[in-house]
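Summary of structural features
The lines below spell out each chain.
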Amino acid sequence: MIKKHLFFLLLWGGFSLPVGAQDLPISQIIIDGEGWELLSEGHQFTEGPAVNNQGEVFFTDVPTSEIFKITLDGKVTLFSDQANQTAGLIFGADGKLYGTSIGGKAIVQFDDAGKPVAIAEGVNCNDLVVLADGNVFFTDHVDGKIWNISPDGKLKEVAAGIAFPNGIIAWPDQKQLVVSDMKGASLWNFVIAADGSLKHQQPYSTMQLPVGLSESGADGMTVDRMGRLYVCTTLGVQVFDTQGRLSGILSKPQRAFLSNVTFGGPELDYLYATSKDKVYRRKLKTTGFRFTR
């Protein structure tokens with residue numbers, strides 16, 4: 001169980017740590033003296049950080065329909081200007097970049113030139129995850145549903161009943177899925193069946209809420225190799241241990257909306273964050289995870 005003093009957070013060294021909880025996982029991932037580093041600015045609304053096999057990170061500027069690439073040396077270049085208001089991004093095990101095109105109401109796959117090709121059309125979509133077996137899951141907060149696209153391209157509804165399903169990620173074993181509820185306090189867990197359906201829907205973890213509010217503001221998520229879960233919320237990046245217990249909160253890189261995070265860099269030991277008009281990263285004492293075949 002979470003100790004009572006977990007709720008009395010002390011801002012220390014750029015992150016929130018429960019008083020007297022140095023043994024909790026968040027204290028094991030912070031590097032003294034390492035804070036958020038600004039990588040890119042001047043955008044309208046950044047989203048969807050995704051890492052490729054080389055450790056380069058791609059992100060979107062949703063209103064401008066652009067996708068940018070951050071190289072390993074920190075340089076930012078334009079990858080596509082055809083994104084049609086794509087929000088979520090993720091690389092599949094096939095090395096292809098997938099996205100949720102809000103403007104096109106489609107799940108798309110980008111070619112090497114940055115041109116999108118729809119793999120599902122006529123859908124409300126926000127964020128997505130692509131498993132190594134080719135199954136695609138995406139959130140639809142307009143209708144409050146989770147959808148699956150099978151490897152052979154069939155679309156089906158697989159879950160409902162979440163107030164505002166937003167971020168979505170799979171655990172490293174790819175047997176379970178987690179969905180964040182932007183308008184609630186719960187992270188929802190599902191078991192992934194062999195046919196791509198979702199079973200045993202239940203609230204898995206409870207996020208900290210701003211004082212006096214009932215909504216977490218939860219958005220994008222990522223996991224590290226150890227199975228810790230990192231969730232963007234109004235309070236910052238909330239970190240949960242492998243048992244689903246809140247370990248602490250990484251502070252926001254700026255006082256603005258925090259949309260999404262992913263691990264990147266050649267060793268996957270940098271946490272990249274998209275926050276309104278800017279993109280940041282900070283080095284941690286842990287590494288991320290990429291799905292492989």
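See the structure printed just above.
Okay, so let's go over this structure. (Residues numbered from 1 in each chain as written. Predicted model: local features only at pLDDT ≥ 70, side-chain atom pairs only at ≥ 80, totals over all residues. Heavy atoms only, no water.)

What follows deals with the packing of aromatic side chains. Counting across every chain of the model gives six aromatic pairs. The interplanar angle of 70° and the centroid separation of 5.1 Å between the aromatic rings of phenylalanine 58 and phenylalanine 91 together place this pair among those described as edge-to-face. Taken as a pair, phenylalanine 58 in strand β5 (residues 57-61) and phenylalanine 91 in strand β8 (residues 86-91) lie far apart in primary sequence, 33 residues in all. Across this residue pair, the class does not change: phenylalanine 58 and phenylalanine 91 are buried. Relative to phenylalanine 68, the ring of phenylalanine 59 lies with its centre 5.4 Å away and its plane at 20°, an arrangement referred to as stacked. For phenylalanine 59, a relative accessible area of 0% puts it in the buried group. Put simply, the rings of Phe58, Phe79 and Phe91 touch in pairs and so form one group of aromatic residues. (Phe/Tyr/Trp six-rings, centres within 6.5 Å; stacked < 30°, edge-to-face > 60°. Helix = DSSP H or I, 4+ residues; strand = E, 2+ residues; numbered from the N terminus. Buried < 20%, exposed > 50% of the residue type's maximum accessible area, 1.4 Å probe, protein only.)

Spatial ordering of the open sheet is given by β16-β17-β18-β19, a layout of four strands whose pairing is antiparallel. One side of each edge strand has no neighbouring strand; the edge strands of this open sheet are β16 (165-170) and β19 (198-206). Each adjacent strand pair in this sheet contributes to an overall mean axis angle of 25°, direction not counted. Where strand β18 (residues 186-192) meets β19, six bridges bridge the pair, whose relative direction is antiparallel. From the neighbouring strand, tryptophan 188 faces β19, where its bridge partner is proline 203. (Pairing = 2+ DSSP bridges. Axes fitted to C-alpha atoms, helices over the stretch in contact; angles between N-to-C directions.)

Time to look at the pattern of salt bridges. Under the counting rule described, the total for this entry stands at seven salt bridges. A salt bridge links lysine 145 to glutamate 157; its shortest N-O distance comes to 3.2 Å. Note that lysine 145 is positioned in strand β14 (residues 145-149) and glutamate 157 in strand β15 (residues 155-160), a separation of twelve residues in sequence. For lysine 145, a relative accessible area of 24% corresponds to the partly exposed category. (Salt bridge = Lys/Arg side-chain N within 4 Å of Asp/Glu carboxyl O.)

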